[in-house]
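# A structural walkthrough
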Amino acid sequence: MTEEHEQILVRKQKLAALKAQGAQPYPNDFVPTHTAAALLTRLAEATAEDLEQHAESCALAGRIMSIRHFGKAAFFHVQDRSGQMQVYVRQGDSPPEAVVLLKDTLDVGDVIAVSGTLFRTRTGELTIKATALRLLSKALRPLPEKWHGLQDVEVRYRQRYLDLIVNPQVRETFRKRAKLIQLIRQFFIDRDYLEVETPTMQTIAGGALARPFVTHHNTLDIDLYLRIAPELFLKRLIVGGAERVFEIGRNFRNEGMSTKHNPEFTTLEFYEAYATYDQLMALTEELFAFLARQVTGSPQVRYGEQTLDFTPPWPRLGMKEALSQQTGLSLDELDDESLVRAKARALGVHIPAAAPLGKALEELFGAVVEPHLIQPTFVVSYPVEVSPLARRNDADPRFVDRFELYVAGREIANAFSELNDPEDQLQRFLEQLQERAAGDEEAHALDEDYVRALEYGMPPTAGEGIGIDRLVMLFTDSPSIRDVILFPQMRAEKK
RNA sequence: GAGCCGCUAGCUCAGGAGGUAGAGCAUCUGCCUUUUAAGUAGAGGGUCCCGGGUUCGAGUCCCGGGCGGCUCACCA
């Protein structure tokens, strides 16, 4: 990274000249007294005359975003974490050192300190008349263009710092992300949940059906897996008597990337003893309505062309019922694996040859039903084969007490009443091992300690996982998961 | 992994049917003491993603590769 085009050379020369004068080019002794937004808000009503009568002084630090020189005066904008403030420098009015510094040394992009007094310009903008200017850090590279900003998505993701400097809506998205996570945390703490952290490096990657990343511990000389879900550890805590726990954290899945998938992603998982999946539907409605109210001020959220309405209650839709509606097959016909497979073939949906009926139903569902579920919808009653950790339905043991929440055509949450019968759990694990032997790399591994934990008795419990990145996408109107992850995974930059 | 699209100055983008590469902003030199996409006169700035090929001649056409985006496949 040593490319030296003209603009970099010019800036380096300015820095060298400053050093030659004996100045400290990277001082760290400046203390801002205000932020731009704090001043703009507090003095929003102050007139030019008010400001003139009691000239208020302030000290701000930030990055120069634009400069308008003309003759013996200049205006420029400084951007700090809160926003932008205009600064005015005028020969004969500001000290000569400030005038010279601005003219000879400062460029757009530089981080500077400004001290001065506030006034209002003819156009009514609150502005600092500089009494002192200092360079705090020289930008040796020019910023992207002021009007079009930074458009190249590759550069935006690879050099997110630039994206954050020049694209205000990006800063806003990540502020909203932080706010949403904070609100979620508050929501569960208010309901007497305990926030916990469980291992991200695990000897058995359990709790979901996915391919894990493998790493190696040198001292122990064992392979470890980056977790694909925290589920089994959180339920161990339920066995341990925690009764209500939640974790917000990173999961890792060694699978494809897309606008909806990043190899590492953030989930919320929460477990509540003595609750059922049915109660979690109500809790989920409450959570989303709360988030919508706090973030957009209404239960309605704009997402692309759609307006999503989170006003409870949301529809409950049986998985097979939904499939029946979309495929024309009757509920009985959906029990016939050959009919289901034939239908999938007719619709161009690929189903692995070894997949059991339940898996086939799930595949078909993903292809023909999911895209239609725009408004928040709970899909209920999943086949037991695709839910090895969920409690069987009392009336029909081929299905489990599980729901998935769909919004904007994608899965946002997955929840079920937990399987707490250790013998059934062991049996389910063994069935998964057979799937694995048959070539399904995503089948669940056998976790003997988890079965042992269940043998000590786990209270009846319901648990849920919510994809935080996807949730943030919904509330920030972001079309790609990369827009809500600060540093999305990218292929290595070729040099 | 497959298909489609993109990659040209620091940034945003033009380059018709192959003929030695352009604009705006930015930069540099001037003028300009309330501007805000300031104005104004001039100047400099290019590995046209990389490597082959066709051709007298390739940013442009062909082949291969790289990186990215979108769609599909798998998943949350």
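Look above for the structure.
Heads up: these notes are all about the structure in this document. These figures come from a predicted structure and were not determined experimentally. (Residues numbered from 1 in each chain as written. Chains lettered and ligands numbered in written order. Predicted model: local features only at pLDDT ≥ 70, side-chain atom pairs only at ≥ 80, totals over all residues. Heavy atoms only, no water.)

## Quick look at the overall build of chain A
Assigned secondary structure in chain A consists of 15 helices and 18 strands. Referenced to the eigenvectors of the C-alpha coordinate spread, the extents of chain A come out at roughly 90 × 50 × 50 Å. Classification of the 495 residues of chain A by burial places 49% in the buried group. Nonlocal contacts in chain A, meaning residues at least 24 apart in sequence, comprise 65% of its contacts between residues at least 6 apart. Accessible surface computed for chain A: about 24,700 Å², of which carbon and sulfur atoms make up 51%. Side-chain charges in chain A split into 57 positive and 72 negative, and the spacing between the mean points of these groups amounts to 9 Å. (Helix = DSSP H or I, 4+ residues; strand = E, 2+ residues; numbered from the N terminus. Buried < 20%, exposed > 50% of the residue type's maximum accessible area, 1.4 Å probe, protein only. Contact = heavy atoms within 4.5 Å. Areas by Shrake-Rupley, 256 points an atom, 1.4 Å probe, with all protein chains shown as cover. Lys, Arg positive; Asp, Glu negative; His and termini not counted. Charge placed at Lys NZ, Arg CZ, Asp CG, Glu CD.)

## What to know about the side chain of Glu404
Mapped onto the secondary structure, Glu404 falls in strand E16 (residues 399-407). The class for Glu404 is buried, based on a relative accessible area of 4%. Of note is the side chain of Glu404, whose polar atom sits 3.1 Å from the side chain of Tyr382. Of note is the side chain of Glu404, whose polar atom sits 2.7 Å from the side chain of Tyr406. Setting aside chain neighbours within four positions, we find Glu404 in contact with Thr377, Phe378, Val379, Tyr382, Glu411, Ala413 and Asn414. (Polar contact = N/O pair within 3.5 Å; in protein donor to acceptor, adjacent residues only side chain to side chain.)

## Comments concerning the pairing of strand E9 (residues 222-226)
Relative to E9, strand E7 (residues 201-202) runs antiparallel, the two being bridged by 2 bridges. Bridge pairing links Met201 to Leu226 in E9. Where strand E8 (residues 214-217) lies against E9, 4 bridges are found, and the strand directions are antiparallel. Across the sheet, the residue bridging to Thr215 is Leu224, located in E9. Between the antiparallel neighbours E8 and E9 lie 4 residues, among them Asp221 with a positive phi of about 50°. (Pairing = 2+ DSSP bridges.)

## A word on the protein's contact with RNA strand B
Taken together, 55 residues form the shell around RNA strand B, and within it Arg90, Thr123, Lys146, His261 and Arg470 come nearest. Per the 4 Å cut-off to the protein, sugar and phosphate atoms form 56% of the nearby atoms of RNA strand B. The separation between a sugar or linking oxygen of RNA strand B and a polar main-chain atom of Glu145 is 3.2 Å. The contact in question runs from a phosphate oxygen of RNA strand B to an N or O atom on the side chain of Glu363, over 3.4 Å. (Near = heavy atom within 4 Å.)

## Points about a nonpolar patch on the surface
On the surface, a nonpolar cluster with roughly 200 Å² of combined accessible area is contributed by Leu426, Leu430 and Leu433. On the secondary structure map, Leu433 appears in helix H13 (residues 422-437). On the basis of relative accessible area, Leu433 is assigned to the partly exposed category, the value being 30%. (Patch = residues over 30% accessible without salt bridge, like charges linked within 9 Å, V, L, I, M, F, W, Y side chains within 5 Å. Salt bridge = Lys/Arg side-chain N within 4 Å of Asp/Glu carboxyl O.)

## Regarding the packing of aromatic side chains
On inspection of all chains with the given rule, the structure shows 19 aromatic pairs. With a centroid separation of 5.0 Å and 80° between ring planes, the pair formed by Phe188 and Tyr193 is classed as edge-to-face. Tyr193 shares its class with Phe188; the two are buried. Here the basic side chain of Lys129 rests over the ring of Phe119, its NZ or CZ set 4.9 Å away from the ring centre. Over the ring of Tyr382 we find Arg402, and its NZ or CZ is 4.4 Å from the ring centre. (Phe/Tyr/Trp six-rings, centres within 6.5 Å; stacked < 30°, edge-to-face > 60°. Lys NZ or Arg CZ within 6 Å of the ring centre and 35° of its normal.)

## Observations regarding the nonpolar core
Phe188, Leu268, Phe288 and Phe310 are the most contacted members of the largest nonpolar core, which has 47 residues in total. With 10 residues, helix H9 (residues 277-296) is the largest single contributor of residues to this core. Setting aside chain neighbours within four positions, we find Phe310 in contact with Phe288, Ala289, Ala292, Pro299, Val301, Pro376, Val407, Leu474 and Phe475. Core analysis: the next-biggest nonpolar cluster, separate from the first, contains 39 residues, Leu232, Val340, Ala344 and Val368 among them. (Core = buried A, V, L, I, M, F, W, Y, C linked by side-chain atoms within 4.5 Å.)

## Concerning helix H14 (residues 448-455)
Considered for burial, the residues of H14 that qualify are Tyr450, Val451, Ala453 and Leu454. Summarising the axial view, the buried residues of H14 lie within an arc of 155°, below the 170-degree limit, and thus occupy one face. Those residues of H14 that are exposed and angled more than 90 degrees off the buried face are Glu448 and Glu455. Tucked into the core, H14 has its buried residues touching helix H8 (231-239) and H13. Measuring from the side-chain oxygen of the N-cap residue of H14 to the backbone nitrogen of Asp449 gives 3.3 Å; that N-cap residue is Asp447. Looking one or two residues past H14, Gly457 carries a phi angle of roughly 100°, positive in sign. (Arc of directions from axis to C-beta.)

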